[in-house]
Amino acid sequence: MGPLSADQLSLFASQGYLVVESFASSAEIDGMRKRMDQLLHDFDGSSAMNQDVFVQQKEMNEFMYESAEKISFFFEEKAFDEEGNLKQPKEVSMSKVGHALHELDPVFKDYSRSEKITSVLQSLGYKRPVIIQSVYIFKQSGFGNDVAPHQDNSTLYTEPKTTCTGLWLALEDATTANGCMWAIPGSHRNGLVRRLIRGEQGLQFDQPSPSYEQSDFVAIEAKAGSLVLIHGDLVHRSFENQSPNSRHAFSAHVVDTVGCKWSPDNWIRRKVDPEPLYSS
Ligand SMILES: O=C(O)CCC(=O)C(=O)O
């Protein structure tokens, strides 16, 4: 997998997303999936197996803030019964694992810093890119949660110019049945609508969400191994997975560190600066 072609770059510029098929090999996908199986197996869920802890995870921003530099496990809300116990094994109760797999885990780090990733970023004009967060998303069969329409630059903001791109890798086929992503093509050209600000009171958007028409969204179906590039201003979303098949994905977000700086109002406040993927 080399640099993006002129046609791919022009498609990305016009629609704000691009599906690059066969980006990751079956061996890479197997490697990441098996590694996640192992991480889940080793995860001592006993301290986080009841809803009280889950509620704390949700309500205590600290848990989320600290996850920026850790490998943290987040449960699906619907994985708990009325007594607050998991309805099924932890492996099929997880919503996501984040936000520093790309830094701390050897398998995810190898992929995230691979030549195929750096060559895509060079094609997009990144000068000194860093991966600022990564998430393994499970989108569990039957209840994997929905993701409301959003723009990634809202939460991963650099100034004076925004520079975020999402690198979303399908680890299983993503279809309209199991909760693939949807986007409004070209919406990135309307600019950023709002920001999520971390303040004294926690996290708050500075503007209400606009209402979007579902008829403006198109489905982005992606075969396992496809990389979906997402412009930071593209409005995208996904629906709950009500199908019998999970929809695993590994999503990394990159920002530049030349000509702009990481906003101190973002939810991520790093103690240690992330290591650039390259410098040009
Ligand atoms: O995987 C999903 O359903 C949504 C992911 C997403 O919004 C992102 O990676 O920016």
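Residues numbered from 1 in each chain as written. Predicted model: local features only at pLDDT ≥ 70, side-chain atom pairs only at ≥ 80, totals over all residues. Heavy atoms only, no water.

For clarity, the cut-off: UniProt positions are given in the numbering used here, feature names are shortened, and annotations may be inferred rather than shown by experiment.
Looking at an unreviewed UniProt entry, the chain carries the name Phytanoyl-CoA dioxygenase, with the source organism given as Linum tenue. According to its UniProt record, the chain has this under Cofactor (unreviewed entry): "Fe cation".

## Considerations on the sheet that holds strand β4 (residues 130-137)
Worth spelling out the cut-off: Paired strands, in this sense, are two strands between which DSSP finds at least two bridges. A run of DSSP states H or I qualifies as a helix once it reaches four residues; a run of E qualifies as a strand once it reaches two. Both are numbered from the N-terminal end. Note on definitions: angles span 0 to 180 degrees between N-to-C directions of axes, and those axes are lines fitted to C-alpha atoms, for helices only across the stretch in contact. We call two residues contacting when some pair of their heavy atoms lies within 4.5 Å.
Within the open sheet, the seven strands sit side by side as β1-β12-β7-β14-β4-β3-β2. Their pairing is antiparallel. In this open sheet, the two edge strands, each paired with only one partner strand, are β1 (17-20) and β2 (71-75). For this sheet the average axis-to-axis angle between neighbouring strands, irrespective of direction, equals 20 degrees. Bridge count between β1 and strand β12 (residues 227-231): four bridges; the pairing is antiparallel. Within β12, the position partnered with Val19 by the bridge is Val228. Strands β1, β7 (165-170) and β12 of the sheet are contacted by helix α1 (residues 6-15), whose axis makes an angle of about 140 degrees with β1.

## Digging into the site of the ligand
To be explicit about the condition: For each residue, the test is whether any non-hydrogen atom lies within 4 Å of the molecule or strand; if one does, the residue is near. Note that accessible areas follow from Shrake-Rupley with a 1.4 Å probe, and for residues the cover is restricted to the protein chains shown.
Contacts to the ligand come from Ile137, Lys139, Val147, His150, Asp152, Trp168, His236, Ser238, Arg247, Ser251 and His253. For the ligand, whose free accessible area comes to 300 Å², the fraction covered by protein is 93%. Counting residues per element, the ones that place at least two in the shell around the ligand are β5 (147-150), β13 (236-238) and β14 (249-255).

## Focus on the pairing of strand β3 (residues 94-99)
Formally: Any residue under 20% of the maximum accessible area for its type is buried, any over 50% is exposed, and the rest in between are partly exposed; the area is computed with a 1.4 Å probe on protein chains only.
Within β3, five of the six residues are buried, which leaves the element mostly enclosed by the surrounding structure. Pairing geometry for β3 and β4, over four bridges, is antiparallel. Along β4, the bridge assignment pairs His99 with Ser134.

## Focus: the side chain of Asp256
This is how it is decided: In this charge count, Lys and Arg are treated as positive and Asp and Glu as negative; neither His nor the chain ends contribute. Here, a salt bridge means any Lys or Arg side-chain nitrogen found within 4 Å of an Asp or Glu carboxyl oxygen. In the analysis that follows, any N or O atom pair within 3.5 Å is treated as a polar contact, provided that within protein one partner can donate a hydrogen and the other can accept it, and provided that, for residues neighboring in sequence, both atoms belong to side chains.
Structurally, the position occupied by Asp256 is in the loop between β14 and β15 (261-262). Put simply, Asp256 is tucked away with no salt bridge, and the nearest opposite charge, on Lys161, sits 5.3 Å away. Among the polar contacts listed, one links the side chain of Asp256 to the backbone nitrogen of Lys127, at a separation of 2.8 Å. At a separation of 2.8 Å, a polar atom in the side chain of Asp256 contacts the main-chain amide nitrogen of Arg128. For Asp256, the contacting residues outside a window of four places in its chain are Gly125, Tyr126, Lys127, Arg128, Pro129, Thr158 and Thr163.

## Side note on the sheet that holds β13
Ordered in space as β5-β13-β8-β11, the four strands form an open sheet in which the pairing is antiparallel. Looking along the sheet, the strands with just one partner apiece sit at the ends: β5 and β11 (218-220). On average, each strand axis in the sheet is inclined to that of its neighbour by 25 degrees, with strand direction left out of account. Both β5 and β13 contribute to a ladder of two bridges, which runs antiparallel. Its bridge partner lying in β13, His150 is registered against His236.

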